[in-house]
Amino acid sequence: MKNYLGIDIGGSKLAMAAFDEEGKIARIKQKNYANVYTASELMKDIEKLSKEFQDRNFSACGVAIPGLCDSTKGIWMYSPYTQIKKYPIKEKLENMLEIPVYIENDVNISALGEKKLGCCQDVDDFMWITLSNGIGGALFLNGKLYRGTGGNAGEIGHFVMDESSPALCGCGRNGCLESLASGIGISHAYERKKGISLSAREIATIAKKGEKEAIEVYQDAGRYLGKAFAYAVNLLNIDVIVYGGGLANQDSLFLPALKKAFNDNV
C-alpha cells in the first residue's frame, strides 16, 4: 500500500501528516505560529518538520494552500493574511522533498474531504466554510467541485457585510465577513470594545465565564455568519452548509445567533 504526505498550511499553524491510500493517518506533527510568517520562514519549517517523517517512503505529497492558488501550475497566488504572492511552492517543495507535489486551496481540499470521506458523501450540492484566522468557502455543485472561471469560487469571506464598519480586511476593504467574524475579526472587535488584545480562544474562555463584551463579539460574529450563509443559500439553493476550522470549536458561543440570522434572511 502506498503512503502519502499531507501538508496543511494555516494562518497560525503548519501541520504535516503521513497517511495511506484509504486515508488512515499514521502520524501528525504540527508547529504553531504566534505571528505572521514569511514564505522563507515557512519553507524552513516545512523542511525541519519533514525530517520527522524520514523513516517513511512517500509516493507523493498534497499541500493545502491558505488562499488563492493555481493548482495546475503549482503557484500560491495570494493570501491576504500572510501577503504571500505568486510563490512557486510546488517547484520549491518538489526540489526539497524529491517526490511529486500537488497543491490546492485549503477550503477546496476540505470540501473534497467531506465528499469523499465525510458527511456529504450522499450530497451533491453543498458548501464548505472554514472558520479560522480567515474565512474561506468551497462549493460542490451537481456532485463536482465548482472552481469558477478563475478557480476562486466560494470566497464567502469577502462578502462585504457592513461597509461602514471600521474592521479592515486583509484584502483592503472594510466590513468583509472575514474582518468581522473570523478569529482575527473577533479579536479585533474585542479590542475595539475593551482596548485589550486577546486571541479568539482567550475571548471564548472569558465569554464562557460570562463576560458581557466577550459574549457580544461572538454573538455579533454569529449574526454576520448567519446572514452570509443565508445569502449563499438564496443564490445557490444548496442543500447543506458544512463549517469547520479552529473557530468552529467555539460554536456554542455563536451558533444560536447564526441560526437566528440565517432563518431571518434565507
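See the structure shown above.
Residues numbered from 1 in each chain as written. Predicted model: local features only at pLDDT ≥ 70, side-chain atom pairs only at ≥ 80, totals over all residues. Heavy atoms only, no water.

Draft legend 1. Highlighting the pattern of salt bridges. By the definition in use, this model includes nine salt bridges. Taking the shortest distance from any N to any O, the salt bridge between Lys-90 and Glu-94 comes out at 2.8 Å. Placement of the pair is Lys-90 and Glu-94 together in helix H2 (residues 89-97), with a separation of four residues, close to one helical turn. A residue is classified by how much of its surface remains accessible, and Glu-94, at 26% relative accessible area, is partly exposed. (Salt bridge = Lys/Arg side-chain N within 4 Å of Asp/Glu carboxyl O. Helix = DSSP H or I, 4+ residues; strand = E, 2+ residues; numbered from the N terminus. Buried < 20%, exposed > 50% of the residue type's maximum accessible area, 1.4 Å probe, protein only.)

Draft legend 2. Structural detail: the side chain of Lys-115. Position of Lys-115 among the secondary structure elements: in helix H3 (residues 106-117). For Lys-115, a relative accessible area of 18% gives the class buried. Within the structure, the side chain of Lys-115 is placed 2.8 Å from the backbone oxygen of Val-123, a separation counted as a polar contact. Apart from the residues within four sequence positions on either side, Lys-115 is in contact with Cys-120, Gln-121, Val-123, Asp-124, Phe-126, Phe-140 and Gly-143. (Polar contact = N/O pair within 3.5 Å; in protein donor to acceptor, adjacent residues only side chain to side chain. Contact = heavy atoms within 4.5 Å.)

Draft legend 3. Structural context of the packing of helix H1 (residues 39-50) against H2. Running from N to C, H1 and H2 point in directions that differ by 35°, and their axes come no closer than 11 Å. Judged by the sense of rotation from one axis to the other, the crossing of H1 with H2 is right-handed. Between H1 and H2, the contacting residues are Met-43, Ile-46, Glu-47 and Ser-50 on the first element and Ile-89, Lys-92, Leu-93, Met-96 and Leu-97 on the second. Split by residue class, the contact of H1 with H2 holds six nonpolar, one polar and two charged. (Axes fitted to C-alpha atoms, helices over the stretch in contact; angles between N-to-C directions. Left-handed = near helix turned anticlockwise from the far one by under 90°. Nonpolar A, V, L, I, M, F, W, Y, C, P; charged D, E, K, R; others polar.)

Draft legend 4. Molecular detail of unusual backbone geometry. Its identity as a non-glycine residue notwithstanding, Glu-98 has a phi of 60°, on the positive side. Mapped onto the elements of the fold, Glu-98 is located in the loop between H2 and strand E8 (101-105). Within the chain, Asn-237 stands out as a residue other than glycine whose phi angle is a positive 55°. Along the chain, Asn-237 falls in the loop between helix H7 (212-236) and strand E12 (240-244).

Draft legend 5. Region of interest: the packing of helix H6 (residues 200-208) against H7. The N-to-C vectors of H6 and H7 enclose an angle of 120°; their axes lie 8 Å apart at closest approach. Here H6 is positioned oblique relative to H7, judged by the angle of their axes. Crossing of H6 against H7: the hand is left-handed. Here H6 contributes Ala-200, Arg-201, Ile-203, Ala-204, Ile-206 and Ala-207 to the contact with H7, which in turn contributes Ala-214, Ile-215, Val-217 and Tyr-218. Grouping the amino acids of the contact of H6 with H7 by side-chain chemistry returns nine nonpolar, no polar and one charged. (Parallel < 35°, antiparallel > 145°, perpendicular 65-115°, else oblique.)

Draft legend 6. A look at helix H5 (residues 183-194). Its twelve residues place the ends of H5 17 Å apart at the C-alpha level, agreeing with the 16 Å of an ideal helix rising 1.5 Å per residue. Those residues of H5 that sit buried are Gly-183, Gly-185, Ile-186, Ser-187, Ala-189 and Tyr-190. Phi for Gly-195, located one or two positions after H5, is positive at around 75°. (Expected span 1.5 Å × (residues − 1).)

Draft legend 7. Looking closely at H2. Among all positions in H2, only Ile-89, Leu-93 and Leu-97 are buried. Along the long axis of H2, the arc covered by the buried residues comes to 45°, so they all point the same way. When the buried face of H2 is taken as reference, the exposed residues oriented beyond 90 degrees from it are Glu-91 and Asn-95. Looking at the buried positions of H2, the neighbouring elements they touch are strand E1 (3-9), H1, strand E4 (58-65), strand E6 (75-78), strand E7 (85-87) and E8. (Arc of directions from axis to C-beta.)

Draft legend 8. Looking closely at the packing of aromatic side chains. By the definition in use, this model includes five aromatic pairs. Seen from their ring centres, Tyr-243 and Phe-254 are 6.2 Å apart, and the 55° between their planes marks the pair as tilted. Placement of the pair is Tyr-243 in strand E12 and Phe-254 in helix H8 (residues 251-265), with a sequence separation of eleven residues. Note on Phe-254: relative accessible area 1%, which makes it buried. The aromatic ring of Tyr-102 is capped on one face by Lys-90, whose charged end is 5.3 Å from the ring centroid. (Phe/Tyr/Trp six-rings, centres within 6.5 Å; stacked < 30°, edge-to-face > 60°. Lys NZ or Arg CZ within 6 Å of the ring centre and 35° of its normal.)

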